[in-house]
Amino acid sequence: MTMTESARRGDVPRLVGAVGARAPGIVIRLGFSYLKHKKGSQKATRTFVRSLEENGVPPHLATRLGEAYGSELSVRKLIDSGSPQFLRKVRL
């Protein structure tokens, strides 16, 4: 075993500790950010539906279009659509 292998093994507990100490804060900030954007999305959906109805689109059709418009912000869709690009950016 060389000196660099020994040093790397010694860094693992510190790395795990640093990640473990910061992860809850990151998760909480991401959660609040997601909720803020979700609320904005819901507001935009209501505005979109209202605008459609004011311009003569039947209410049932406006509601369906609004649901399609507002459903774009979901955790599952963000993860599914963003994971390949995210993984390419993170690799060192």
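A brief report on the enclosed structure follows. This structure is a prediction, so every number in the text was calculated from the model and none was measured.

Across its full length, the chain carries 3 helices and 0 strands. Start at the N end of the chain and walk to the C end: the helices and strands fall as α-α-α. Looking at the chain residue by residue over its 92 residues, the buried ones come to 9%. Carbon and sulfur atoms make up 64% of the accessible area of the chain, which totals about 8000 Å².

On to helix H2 (residues 59-70). For H2, built from 12 residues, the straight-helix expectation of 16 Å at 1.5 Å per residue is met to within 8% by its first-to-last C-alpha distance of 16 Å. When we look at burial in H2, the residues that qualify are Ala 62, Gly 66 and Gly 70. One side of H2 carries all its buried residues, which in axial view fall inside an arc of 60°. Exposed and facing more than 90 degrees away from the buried side of H2 are His 60, Arg 64 and Glu 67.

The next point concerns a positive patch on the surface. A contiguous patch of positive charge, built from Lys 39, Lys 43, Arg 46 and Arg 50, is present on the exposed surface. Look at Lys 39 and you get exposed, because its relative accessible area is 61%.

Glancing now at a nonpolar patch on the surface. Residues Ile 28, Phe 32 and Leu 35 make up a contiguous nonpolar surface patch of roughly 350 Å² in combined accessible area. Relative to the assigned elements, Ile 28 resides in helix H1 (residues 3-54).

A few words now on the packing of aromatic side chains. For the structure on display, the rule yields 1 aromatic pair. Ring centres of Phe 48 and Tyr 69 lie 4.6 Å apart, and the angle between their planes is 25°; on these two criteria the pair is classed as stacked. Placement of Phe 48 in helix H1 and of Tyr 69 in helix H2 is noted, with a sequence separation of 21 residues between them. Residue Phe 48 is classed as partly exposed on the basis of its relative accessible area, which comes to 29%.

Tracing the chain through its elements places Glu 53 in helix H1. Taking the C-alpha atoms as reference, Glu 53 lies 9.0 Å from Thr 63; in sequence the two are 10 residues apart. With near-sequence residues (within four places) excluded, Glu 53 lies in contact with Pro 59, Ala 62 and Thr 63.

Note on placement: Thr 45 falls in helix H1. In this structure the side chain of Thr 45 is engaged in a polar contact, spanning 2.9 Å, whose partner is the backbone oxygen of Ser 41. Contact partners of Thr 45, with chain neighbours within four places excluded, come to Gly 66, Tyr 69 and Gly 70.

Each value, and the rule that gives it
- Residues numbered from 1 in each chain as written.
- Predicted model: local features only at pLDDT ≥ 70, side-chain atom pairs only at ≥ 80, totals over all residues.
- Heavy atoms only, no water.
- Helix = DSSP H or I, 4+ residues; strand = E, 2+ residues; numbered from the N terminus.
- Buried < 20%, exposed > 50% of the residue type's maximum accessible area, 1.4 Å probe, protein only.
- Areas by Shrake-Rupley, 256 points an atom, 1.4 Å probe, with all protein chains shown as cover.
- Expected span 1.5 Å × (residues − 1).
- Arc of directions from axis to C-beta.
- Patch = residues over 30% accessible without salt bridge, like charges linked within 9 Å, V, L, I, M, F, W, Y side chains within 5 Å.
- Salt bridge = Lys/Arg side-chain N within 4 Å of Asp/Glu carboxyl O.
- Lys, Arg positive; Asp, Glu negative; His and termini not counted.
- Charge placed at Lys NZ, Arg CZ, Asp CG, Glu CD.
- Phe/Tyr/Trp six-rings, centres within 6.5 Å; stacked < 30°, edge-to-face > 60°.
- Contact = heavy atoms within 4.5 Å.
- Polar contact = N/O pair within 3.5 Å; in protein donor to acceptor, adjacent residues only side chain to side chain.

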